[in-house]
Amino acid sequence: MNVIETNALGKRYRRKWALHDCTLAIPGGHIVALVGPNGAGKTTLLTMAVGLTRPTEGTVSVLGGEPAGSPQALDRIAFVAQDAPLYRNLPVAHMLHLSRNLNKTWDQRRAEDRLVQLEIPLSQKVGELSGGQKAQLALTIALARRPGLLVLDEPLASLDPVARDDFMGAVVAAAEEDGISVVLSSHVLAELERVATYLIVLTRGQVQVAGTVRELLASHGAGLEEIALRYLRAGVSSLSRTEGAA
Amino acid sequence: MISSPPAAQPATATGRRPVPWTRLAWVTLRQRRGAVIGTSVVLGVFAAYLLIMAIIQNNAYAAVQACHPAAALRCQQLAQAFTRDYWGGGGRVIQSGGAQTVSSLLFALPVLLGAFVGGPLLAREFESGTFRFAWTQGAGRTRWSVSTLVLPAVLLTAVTGAFTALFYWYFRPFLADGQVSDMLPLAFALLGVAFAAWTLFAFAVTAFTGTLFRRTVPAMAVTLVVYIALAIGTATVIRQHYLTPVTEQGWNGNAGAGWVISSWAKAPNGQILSQADLGNVAAHLPASVQNSPDPNAFTDWLTQHGYTMWQSVQPDSRFWQFQLIEGGWLLAVSALLIAGTVVLVRRRGA
């Protein structure tokens, strides 16, 4: 089963294409690293996959053919947007309760256990949590929904190194425990290198390479970072060529 | 700490039944706690004042009514004192300018309440980015936005409707006294269903513009402009056309007759004289009429010289018809705006 499948997917904001002619099939059971520079179209791709943004062209389906944004898809995808937006004025307990009331599936015990482990008090206001705690709370809420697919947009961008390590540890543990597929985006591959089992490199709205890390390592005979760098460079230079020609 | 419905089990995940409305209602009320408290405080303070004043005022008015014979000087003075003290304010601090001032202040309440409750509903979600959270939960954005819009709309309409009942009790002596016709613009929108309908309208406009602009403050500003323009336009131009006015002979003024839309006179030769024409006639009258201390001198002169006086009126008996017409179109426009807001939410991308 493919967790995300796109066909000639594109999104145009006014005159600029944020993503263009993107055809992908991401198989399930992976921790997928979606890597590319800022403005490459990572967020656009992810928000279309979770049903927040409508494509300008092409199609996107999730979890084995459900149209993105359909009730069945929303039910089984947990999405944590960049900077983990949550209601700052609510205490953590009410944030959990609100999330429970917005979902059919909810594992309250799991959420509470995780927060105890993380030493995040239920009475604390969300707005008073540290960046790392807020990211962990967003992840806790996402996991309590028992999703089939967890999508995280730049989850590490605003975290300090210790919080990053803790956060990635939690994601990997959850993926193993629950057997869920995870897609994470980042503009820094180094953060995801240790955990990713699938790599997608995106530059200027175009997919440069997509494949399992194992295959990529075998076929390129180089480290993951170097492979990614090679494709990032290729993406930029191919584009500057076309721009030069035009 | 919080009362919770039983948690849904993972096994229900494959069910096609959507998230129940009761749960979404909890979410909406929890998120709007500030608006609920704010609205309660504002309306509560006004209501407490109206309640106290209504008791005092109705007692004083009962004394005026009980005075017999009504034509006696003592009773006339009592009635004048009542009007001076309670309508005009009479200088006592607790009356804060009297019913005249209080009722005009209340005209601002629908737009302030509506904008305060409706403005942040969706605009805050955009401003803080939390729409990315709310719209990707299992309930889906359509159900979420319907709950977010409809529940506050219903509650706001209900409490402002209840508030009108209290205001009517407070205001009743002046309506009964013929001081104010309930059809007049300075009373109509504060009575019946109009007050709640205008509040709902302000709410719907702000919720819609807040979703359109994705910003709270510009949405409130636009709402204020739209609201004031439409409220004034309705009172001065639109409302008098709900039903064809009744044409009747004689100039009775507003007292008792209803809402006078226009008045004119017919000359002995059949010529129609507007108020402007009559001004010309008055200017050429003998000084004895022009300078007469009797306020009826001019109309007496007109009658004596074969003129007839006419006016077109929306009579008081049409009050509820007019209330239902105004409430009806405001409700329809508000419902369209709320539906439009849901459509915007469904269409809007991140």
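Conventions used here
- Counting of residues starts from 1 at the beginning of each chain's written sequence and follows it residue by residue.
- Each chain takes a letter, starting from A, and each ligand takes a number, starting from 1, following the order in which they are written.
- Only residues with pLDDT of at least 70 are given local features in this predicted model, and only at 80 or more are side-chain atom pairs given and counted; all residues enter the totals for whole chains, interfaces and linings.
- Every axis in this analysis is a line fitted to C-alpha atoms, fitted for helices over the stretch in contact. Angles between the N-to-C directions lie between 0 and 180 degrees.
- Runs of E in the DSSP output that reach at least two residues are strands. Runs of H or I that reach at least four are helices, and both are numbered from the N terminus.
- Angles are sorted into four bins: roughly parallel if under 35 degrees, roughly antiparallel if over 145, roughly perpendicular if 65 to 115, and oblique for all others.
- Note: crossing handedness is left-handed where the near helix turns anticlockwise from the far helix by less than a right angle, and right-handed where it turns clockwise.
- Any two residues are considered in contact once their C-beta atoms, placed from the backbone, lie within 7 Å.
- Residues are grouped as follows: nonpolar covers Ala, Val, Leu, Ile, Met, Phe, Trp, Tyr, Cys and Pro; charged covers Asp, Glu, Lys and Arg; every other residue, Gly included, is treated as polar.
- Between any two strands, at least two bridges found by DSSP are needed for them to pair.
- Linking buried Ala, Val, Leu, Ile, Met, Phe, Trp, Tyr and Cys residues through C-beta atoms within 7 Å yields a set, and such a set is a nonpolar core.
- Three exposure classes are used. Buried residues have 20 or more other C-beta atoms within 10 Å of their own C-beta, exposed residues have 12 or fewer, and partly exposed residues fall in between, all C-beta atoms being placed from the backbone.
- To estimate how far a helix should extend, the number of its residues minus one is multiplied by 1.5 Å.
- We define the bend at any residue as the angle between the axes fitted to the seven residues before and including it, ending there, and the seven starting there.

Draft legend 1. Broad picture of the packing of helix α4 (residues 108–117) of chain A against helix α5 (residues 131–144) of chain A. Residue and element names in this part refer to chain A. Where α4 meets α5, the closest approach of the two axes is 9 Å, and the angle between their N-to-C directions is 155°. On the basis of the axis angle, α4 is roughly antiparallel to α5. Crossing of α4 against α5: the hand is right-handed. The residues of α5 that touch α4, namely those facing Q108, R110, A111, R114 and L115, are T140, I141, L143 and A144. Looking at the contact of α4 with α5, its residues break down into five nonpolar, two polar and two charged.

Draft legend 2. Structural context of the environment of A40 of chain A. All names here are of chain A. Structurally, A40 is set in the loop between β3 (31–35) and α1 (42–49). For the pair formed by A40 and S99, sequence separation is 59 residues and the distance between their alpha carbons is 31 Å. Leave out the neighbours within four places in its chain, and A40 touches L202, T203, R204 and G205.

Draft legend 3. Representation of the pairing of strand β4 (residues 308–315) of chain B within the structure. Residue and element names in this part refer to chain B. Strand direction decides the pairing type here: strand β1 (residues 246–249) and β4, joined by four bridges, are antiparallel. Paired with Q249 across the two strands is W310, which belongs to β4. Note that strand β2 (residues 258–266) and β4 share eight bridges and pair antiparallel. Each residue of the ladder has a partner; that of K266, found in β4, is T308.

Draft legend 4. The arrangement of the interface of chain A and chain B in detail. With 31 residues of chain A in contact, the opposing surface of chain B contributes 30 residues. Ranked by residue count, the leading element in the side of chain A that touches chain B is helix α3 (residues 92–101) of chain A, at seven residues. In the side of chain A that touches chain B, the residues fall into 13 nonpolar, ten polar and eight charged.

Draft legend 5. Highlighting the nonpolar core. In this structure, V32, A49 and V151 of chain A are the most contacted members of the largest nonpolar core, which totals 88 residues. Ranked by residue count, the leading element in this core is α5 of chain A, at eight residues. Counting 58 residues, the second largest nonpolar core, distinct from the first, contains A35, V117, V180 and F322 of chain B.

Draft legend 6. The arrangement of helix α7 (residues 141–176) of chain B in detail. In a regular helix each residue adds 1.5 Å, so 36 residues correspond to 52 Å; α7 of chain B covers 50 Å between its end C-alpha atoms and thus fits that length. The largest bend in α7 of chain B amounts to roughly 50° and is located at Y170 of chain B, with the proline P173 of chain B lying one to four residues further along.

Draft legend 7. The arrangement of the sheet that holds β1 of chain B in detail. Strands sit in the order β1-β4-β2-β3 (chain B) across an open sheet of four strands; the sheet is antiparallel. Since the sheet does not close on itself, it has two edges, and those belong to β1 and β3 (272–273) of chain B, each with one partner.

Draft legend 8. Structural detail: the sheet that holds β3 of chain A. Residues and elements named next belong to chain A. The strand order across the open sheet formed by six strands is β6-β7-β8-β3-β9-β10, and the pairing between neighbours is mixed. Edge positions in the sheet fall to β6 (77–80) and β10 (206–212), since each has one partner strand and no second. Within the sheet, the average angular offset between the axes of one strand and its neighbour, ignoring direction, is 15°. Packing against the sheet, helix α7 (residues 213–220) makes contact with β9 (198–203) and β10, and its axis sits at approximately 100° to β10.

Draft legend 9. Structural detail: α7 of chain A. Burial within α7 of chain A is sparse, with just zero of its eight residues counted as buried. Looking one or two residues beyond α7 of chain A, the residue adopting positive phi is G221 of chain A, at roughly 60°.

Draft legend 10. View of the packing of α7 of chain B against helix α14 (residues 319–347) of chain B. All names here are of chain B. Between α7 and α14, the least distance of the axes is 9 Å, while the angle of their chain directions is 155°. Taken together, α7 and α14 sit at an angle that is classed as roughly antiparallel. The hand of the α7/α14 crossing is right-handed. In contact with R141, T142, S145, V146, L149, V150 and A153 of α7, α14 contributes I338, T341, V342, V345 and R346.

Draft legend 11. Focus on unusual backbone geometry. Residue H68 of chain B is joined to P69 of chain B through a cis peptide bond whose omega torsion reads -10°. If you check the backbone angles, D21 of chain A has positive phi at about 50° while not being a glycine. Along the chain, D21 of chain A turns up in strand β2 (residues 16–27). One non-glycine residue with positive phi stands out, namely R204 of chain A, at about 45°.

Purely spatial values, then, with no claim about function.
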